[in-house]
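Structural overview for review
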Amino acid sequence: GRVYLNKVFHISAEKMFELLFTDSSFIQRFMSIRKITNASLDPWQREDSGNMKRTMNYTIAISNPLIGKCSRATENQTLFKDVPEGHYMVDAEVFTHDVPYHDYFYTQNRYAITRSSRRKCRLRVLTDVKYKKQPWGLVKSFINKNSWSGIEDYFKQLESELLEEEAEMNQGARDA
Ligand code: YK8
């Protein structure tokens, strides 16, 4: 896997979870910046294992002219229960439905939010491109290359939007 985001923010772990994994205005704004549309999201639901699950469906805009302008995608998220208090671990599997070779691969993003103090947390995202079936070597390198560049771009922007949110939140705290 690869790590595209690993950073301490002046945001509590609880708040970070709320920003990223609830229907927050932050995530709504971020999706609109990324041109992610038609988003439908199910509420978190507890499984027998005690973990929570939810599914999101959305349409992503794609800038690569070889691929087409957009694709539908499904994201299955699991929130693990066996983590220390104040920490969060979410696995997100992203399946695209309309890109070439979409039946060969999916992306797994593992988000870890760890509490570093009452008002600070570390956000770390570990990403893997997973194969459901083995494609021809050239196709595989094509999929990898296009996936890594798209994912890197996404998490760079997520980091910069979170830094802005952090600045706004801490500005508000000073003014109060
Ligand atoms: C989530 C990984 C691959 C995919 C894309 C596939 C091209 C295939 C090319 C052929 C378009 C929001 C990506 C980047 C679409 C966006 C996905 C996002 C950013 C010719 C081989 C969507 C996180 C996420 C994970 C995987 C990303 C896709 O929250 O290149």
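Since the model is a prediction, treat every value here as computed from it, not as a measurement. For every chain, the first residue of the written sequence is number 1, and numbering continues from 1 along that sequence. Given that the model is predicted, a residue must reach a pLDDT of at least 70 before its local features are reported, and side-chain atom pairs must reach 80 or more before they are shown or counted; all residues, however, enter totals for whole chains, interfaces and linings. Excluding hydrogens and water, the side-chain figures rest on all heavy atoms present in the structure.

Glancing now at the site of the ligand. When we say a residue is near a molecule or strand, we mean one of its heavy atoms is within 4 Å of it. Close to the ligand lie 16 residues; Tyr 58, Ile 60, Glu 75, Asn 146 and Tyr 154 are nearest. Contact between the ligand and Glu 75: an oxygen atom at 3.0 Å from a side-chain N or O atom of the residue. In protein, a polar contact means a hydrogen-donor-capable atom and an acceptor-capable atom, both N or O and within 3.5 Å, with residues adjacent in sequence counting only if both atoms are side-chain atoms; elsewhere, any N or O pair within 3.5 Å suffices. Within the backbone of Asn 146, one N or O atom sits 3.2 Å away from an oxygen atom of the ligand. The protein chains hide 93% of the 650 Å² of surface that the ligand would expose on its own. Those elements giving two or more residues to the shell around the ligand turn out to be strand E4 (52-61), strand E7 (105-117) and helix H3 (137-175). The helix count covers DSSP runs of H or I at least four residues long, the strand count covers runs of E at least two residues long, and both are numbered beginning at the N terminus. Counting residues per element, the shell around the ligand draws most heavily on H3, at 7 residues. Computed with the Shrake-Rupley method and a 1.4 Å probe, the accessible areas treat only the protein chains shown as cover for residues.

Quick look at the packing of helix H1 (residues 13-21) against H3 now. Between two packed helices, the angle of one axis relative to the other and the distance separating the axes together describe the packing. Fitting a line to C-alpha atoms yields each axis, with helices limited to the stretch in contact; the angle taken between N-to-C directions then spans 0 to 180 degrees. Between H1 and H3, whose axes approach to 13 Å, the crossing angle comes to 125°. Judged by the angle between their axes, H1 and H3 are oblique. Classified by chirality, the crossing of H3 by H1 is right-handed. Contacts from Lys 15, Met 16, Leu 19 and Leu 20 of H1 reach H3 at Leu 158, Leu 162, Glu 165 and Met 169. Residues are grouped as follows: Ala, Val, Leu, Ile, Met, Phe, Trp, Tyr, Cys and Pro are nonpolar; Asp, Glu, Lys and Arg are charged; every other residue, Gly included, is polar. Each residue belonging to the contact of H1 with H3 can be placed in one class, and the counts come to 6 nonpolar, no polar and 2 charged. An angle below 35 degrees is treated as roughly parallel, one above 145 as roughly antiparallel, one from 65 to 115 as roughly perpendicular, and anything else as oblique. What makes a crossing left-handed is the near helix being turned counterclockwise from the far one by less than a right angle; a clockwise turn instead makes it right-handed. Throughout, a contact is declared for two residues whenever any of their heavy atoms are within 4.5 Å.

Let us look at H3. In this analysis, the expected span of each helix is defined as 1.5 Å times one less than the number of residues it contains. Counted at 1.5 Å a residue, the expected span for H3 with its 39 residues is 57 Å, and the 57 Å between its end C-alpha atoms agrees. Throughout this description, buried means an accessible area under 20% of the type-specific maximum (1.4 Å probe, protein chains only), exposed means over 50%, and partly exposed covers the range between. All buried positions along H3 are accounted for by Val 139, Ile 143, Ser 147, Trp 148, Ile 151, Phe 155, Leu 158, Glu 161, Leu 162, Glu 165 and Glu 166. Tucked into the core, H3 has its buried residues touching strand E1 (2-9), H1, helix H2 (25-33), E7 and strand E8 (120-131).

Criterion for a salt bridge: a side-chain nitrogen of Lys or Arg within 4 Å of a carboxyl oxygen of Asp or Glu. For the coordinates displayed, the defined rule picks out 10 salt bridges. Residues Arg 29 and Glu 161 are paired through a salt bridge, measuring 4.0 Å at the closest nitrogen-oxygen approach. Taken together, the residues Arg 29 in helix H2 and Glu 161 in helix H3 connect sequence positions 132 residues apart. Glu 161 gets classed as buried once you look at its relative accessible area, which sits at 10%.

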